Amino acid sequence: MGHFFARKKPHQRHDRTRFRIVLTSAVVFLALTLPPDSVGAATSFGQAGASPGSADKELSEIDTLIDTNHLQEAQELLQKEIHARGESYEILFREAKLFFREKKYRDSLSVLRRCLALTQEDPEAYKLVASNAILIGRMDIAETALNTAAKLAPDDFLVFFNLGALYYTDSRFSQAQPPLEKSLKLNPDYVPARLFLGLTLEELGQEREAIECYHLAIKTAETSGFKGEQPYLYLGRLLYRENRMDESLPYLQKAVKANPQSCEALCLLARVHMYRSRDAEAMEALNQCLRADPQYPESHYLLSRIYVKQGKTDDAAKELSMFQQLKRVERNEKDPRKNQRAMP
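For the structure given in this document, a descriptive report is provided here. (Residues numbered from 1 in each chain as written. Predicted model: local features only at pLDDT ≥ 70, side-chain atom pairs only at ≥ 80, totals over all residues. Heavy atoms only, no water.)

### Focus on unusual backbone geometry
Working step 1: A positive phi angle, close to 65°, is found at Lys103, a residue other than glycine.
Working step 2: Here Lys103 lies in the loop between helix H4 (89-101) and helix H5 (105-118). (Helix = DSSP H or I, 4+ residues; strand = E, 2+ residues; numbered from the N terminus.)

What follows is the structure, given as structure tokens:
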């Protein structure tokens, strides 16, 4: 199975600036392998498939220990089972899963190589390969693994979702659309797939369809208990970009209500208030953003504009200088808000 782990020529990405993606690729791929209660960031993305051999009492106990973060106990029981049974596929898979939970992604991939030498028919192994690969920046390995998993598990909506998300984060928008649509065909109520499809349609210049997609995401989110500001934020943001300020306002307000610390939503809300000459409300939103994240560059830039309008030149110069300083840091450092990859 060397083709999964061989170095490939990197795909050439489009050199373009896009809005930050709140649903980061690392969190997205955790959806493939982690149960919903084990990692808070992954809770809204769905539940993983069963591990091979999970009906076995001892193996099931190991799964439970791993999923509940009792990793030392899981390691001890795993070693006991290795001595008793030898290195079966089921044992190796759990060793790989344990390495993954310990954030030893390359070690996990190394064990998965041995798993795939024993059998190549289990989609769970390929899903775990993809999760490890995305977390070490090997999109080529993740893509190959997800395509294989999709063939082995054609009814697994999470596989198609993650494949579409991979293409989106790699700026391959026309390739992202079909698997995202397939994911929604399999599970129409899966909000993250609806959101990524909306983002993809935006990039493809299909704004009307994207707006419809976000409206459906909001409807589903409100009936399913989905937690997060993204459905409101993405719709409000797109309406703002189309200069439909009055229409964008209620959605941005709902985004802030859903997540009072979302600086992107707060700054967009401030921009709408500024457009409507409601500087006091804009200042309130920007100060709320600064309380959440004093290093958020856009808030300082927007404050400088308000101070200029108010004739407070010294305050305006101070905020503009802070904005410029933070942007230099953002360009020079590996900022997860910039490169869209954040470890959970």
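Now that the structure has been shown, we can carry on.
### A look at helix H12 (residues 230-241)
Working step 1: Between its first and last C-alpha, H12 extends 16 Å over 12 residues, near the 16 Å set by a 1.5 Å rise per residue.
Working step 2: The element H12 is extensively covered by neighbouring structure, given that 11 of its 12 residues are classed as buried.
Working step 3: Within the span of H12, buried status applies to Gln230, Pro231, Tyr232, Leu233, Tyr234, Leu235, Gly236, Arg237, Leu238, Leu239 and Tyr240.
Working step 4: Here the buried face of H12 lies against helix H10 (191-203), helix H11 (207-224), helix H13 (245-258) and helix H14 (263-275). (Expected span 1.5 Å × (residues − 1). Buried < 20%, exposed > 50% of the residue type's maximum accessible area, 1.4 Å probe, protein only. Contact = heavy atoms within 4.5 Å.)

### Overview of the packing of aromatic side chains
Working step 1: Across all of its chains, the model carries 9 aromatic pairs by this definition.
Working step 2: Note on Phe161 and Phe196: the rings are 5.7 Å apart at their centroids and 80° apart in plane angle, and the pair reads as edge-to-face. Taken together, the residues Phe161 in helix H8 (residues 157-169) and Phe196 in helix H10 connect sequence positions 35 residues apart.
Working step 3: Overall, Phe161 belongs to the buried group, its relative accessible area being 0%.
Working step 4: Geometrically, the ring pair formed by Tyr168 and Phe196 is edge-to-face, given 5.6 Å between the ring centres and 90° between the ring planes. Highlighted residues: Tyr168 in helix H8 and Phe196 in helix H10, separated in sequence by 28 residues. Both residues of the pair, Tyr168 and Phe196, belong to the buried class.
Working step 5: Joined through ring pairs, the aromatic side chains of Phe157, Phe161, Tyr168, Phe173, Tyr190 and Phe196 make up one cluster.
Working step 6: Over the face of the ring belonging to Phe160 we find Lys182, whose NZ or CZ atom lies 5.3 Å from the ring centre. (Phe/Tyr/Trp six-rings, centres within 6.5 Å; stacked < 30°, edge-to-face > 60°. Lys NZ or Arg CZ within 6 Å of the ring centre and 35° of its normal.)

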